[in-house]
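Letter by letter, the chains look like this.
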Amino acid sequence: MPLVPRDYRDAAGQAVVRPSREDAERAVRTLIEWAGDDPDREGLIDTPKRVAAAYEEFFAGYHDDPEDMLRRTFEEVDGYDEMVLLRDIRLESHCEHHMVPIVGKAHVAYLPNNRVVGISKLARVVEVYAKRLQIQEKLTAQVANTINDVLEPKGVAVVIEAAHQCMTTRGVRKPGVTMVTSRMLGAFRTCSDTRREFLSMIGDRGG
């Protein structure tokens, strides 16, 4: 289903009307021409529509509220207060500097404080923030901070490891490089044993 255009605010805080689907398709035609090809040739005639549809998927996160996804929690946990970890969450995002893919995985853990949330919601929070123009450092902080703010757990840990095509397919062209970022809050920051347990459970991917 096509996303409904909506207003957003620019860097100065002014309301801006989101361009229409037709505006987006015209922009793609311009880029094709700028690249040196003919947008009216057979192989490219429908490309503007396809690119606009793809962008609706790539950036669907602007239309979702990650905090709402965490509001339904469960308190019948029989006193469970050990770590809850969801690891190897597939992550697909786009670099905000070059608009090329960032592909990797996220590992998310929290220490419950009398309530838990459905594990699929943790993956959804990662997906919502990933489906926006991003840098990995901000993405890592956003996921951790949102879980911390809404669930109010005893601690939150997030590690993201990803490859950035802005440096593997252009620029310095260094394929095989993986960037690792982490955000530790609460007990994961203050207690070395808790942090060590988390890193051990994800295979010490965080270094």
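Residues numbered from 1 in each chain as written. Predicted model: local features only at pLDDT ≥ 70, side-chain atom pairs only at ≥ 80, totals over all residues. Heavy atoms only, no water.

**With respect to the environment of Val156**
So, step 1. On the secondary structure map, Val156 appears in strand 8 (residues 155–164).
So, step 2. By relative accessible area, Val156 is classed as buried at 0%.
So, step 3. In sequence terms Val156 and Ser20 are 136 residues apart; their C-alpha atoms lie 39 Å from each other.
So, step 4. If we skip the residues at most four places from it in the chain, Val156 touches Ala109, Tyr110, Ala144, Ile147, Asn148, Arg183, Met184, Leu185 and Phe188. (Helix = DSSP H or I, 4+ residues; strand = E, 2+ residues; numbered from the N terminus. Buried < 20%, exposed > 50% of the residue type's maximum accessible area, 1.4 Å probe, protein only. Contact = heavy atoms within 4.5 Å.)

**A closer look at the packing of aromatic side chains**
So, step 1. Counted according to the given criterion, the structure contains four aromatic pairs.
So, step 2. When the centroid spacing of 6.0 Å and the interplanar angle of 50° are considered together, the rings of Tyr55 and Phe58 count as tilted. In this pair, Tyr55 and Phe58 both sit in helix 2 (residues 47–58), three residues apart, roughly one turn of the helix.
So, step 3. When its relative accessible area of 36% is taken as the criterion, Tyr55 is described as partly exposed.
So, step 4. Each ring, one from Tyr55 and one from Phe59, has its centre 5.1 Å from the other, and the planes form 75°; the classification is edge-to-face.
So, step 5. Every member of this aromatic cluster is reached through a ring pair, and the members are Tyr55, Phe58 and Phe59. (Phe/Tyr/Trp six-rings, centres within 6.5 Å; stacked < 30°, edge-to-face > 60°.)

**As for the packing of helix 1 (residues 21–35) against helix 2**
So, step 1. The contact between helix 1 and helix 2 brings their axes to 8 Å, and the two run at 120°. It follows that helix 1 is oblique to helix 2 by the angle criterion. Crossing handedness for the pair helix 1 and helix 2: right-handed. Packed against helix 1, whose contacting residues are Arg21, Glu25, Val28, Arg29 and Ile32, the element helix 2 presents Thr47, Pro48, Lys49, Val51, Ala52, Ala53 and Glu56 at the interface.
So, step 2. Of the residues assigned to the contact of helix 1 with helix 2, the class counts are six nonpolar, one polar and five charged. (Axes fitted to C-alpha atoms, helices over the stretch in contact; angles between N-to-C directions. Parallel < 35°, antiparallel > 145°, perpendicular 65-115°, else oblique. Left-handed = near helix turned anticlockwise from the far one by under 90°. Nonpolar A, V, L, I, M, F, W, Y, C, P; charged D, E, K, R; others polar.)

**Some thoughts on unusual backbone geometry**
So, step 1. One non-glycine residue, Asn114, lies in positive phi territory at about 75°.
So, step 2. You will see that Glu152, though not glycine, has its phi angle at about 50°, which is positive.
So, step 3. Within the secondary structure, Glu152 sits in the loop between helix 5 (136–151) and strand 8.
So, step 4. A residue is classified by how much of its surface remains accessible, and Glu152, at 51% relative accessible area, is exposed.

**Observations regarding the sheet that holds strand 7 (residues 133–134)**
So, step 1. One open sheet holds the five strands; their spatial order is 7-4-5-8-9, and the pairing between them is mixed. The open sheet terminates on both sides in strands that have one partner only, identified here as strand 7 and strand 9 (179–186).
So, step 2. Relative to strand 8, strand 5 (residues 101–111) runs antiparallel, the two sharing ten bridges. Directly across from Ala109, in strand 8, lies its bridge partner Ala157.
So, step 3. Here helix 5 sits on the sheet and contacts strand 4 (84–95), strand 5, strand 7, strand 8 and strand 9; the angle it forms with strand 9, its principal contact strand, is near 25°. (Pairing = 2+ DSSP bridges.)

**Some thoughts on the environment of His97**
So, step 1. Tracing the backbone shows His97 in the loop between strand 4 and strand 5.
So, step 2. Residue His97 is classed as exposed on the basis of its relative accessible area, which comes to 58%.
So, step 3. Sequence spacing of His97 and Arg132 is 35 residues, and the spatial spacing of their C-alpha atoms is 12 Å.

**Things to note about the pattern of salt bridges**
So, step 1. Summed over the entire model, instances satisfying the criterion amount to 14 salt bridges.
So, step 2. In this structure, the salt-bridge partner of Arg71 is Glu67, at a minimum N-O distance of 3.1 Å.
So, step 3. With relative accessibility at 30%, the residue Glu67 sits in the partly exposed group.
So, step 4. With its nearest N and O atoms 3.9 Å apart, the salt bridge here joins Lys131 to Glu92. One end of the pair, Lys131, is in the loop between helix 4 (119–130) and strand 7; the other, Glu92, is in strand 4, with 39 residues separating them in the sequence.
So, step 5. We classify Lys131 as buried; its relative accessible area is 16%.
So, step 6. On the basis of relative accessible area, Glu92 is assigned to the partly exposed category, the value being 36%. (Salt bridge = Lys/Arg side-chain N within 4 Å of Asp/Glu carboxyl O.)

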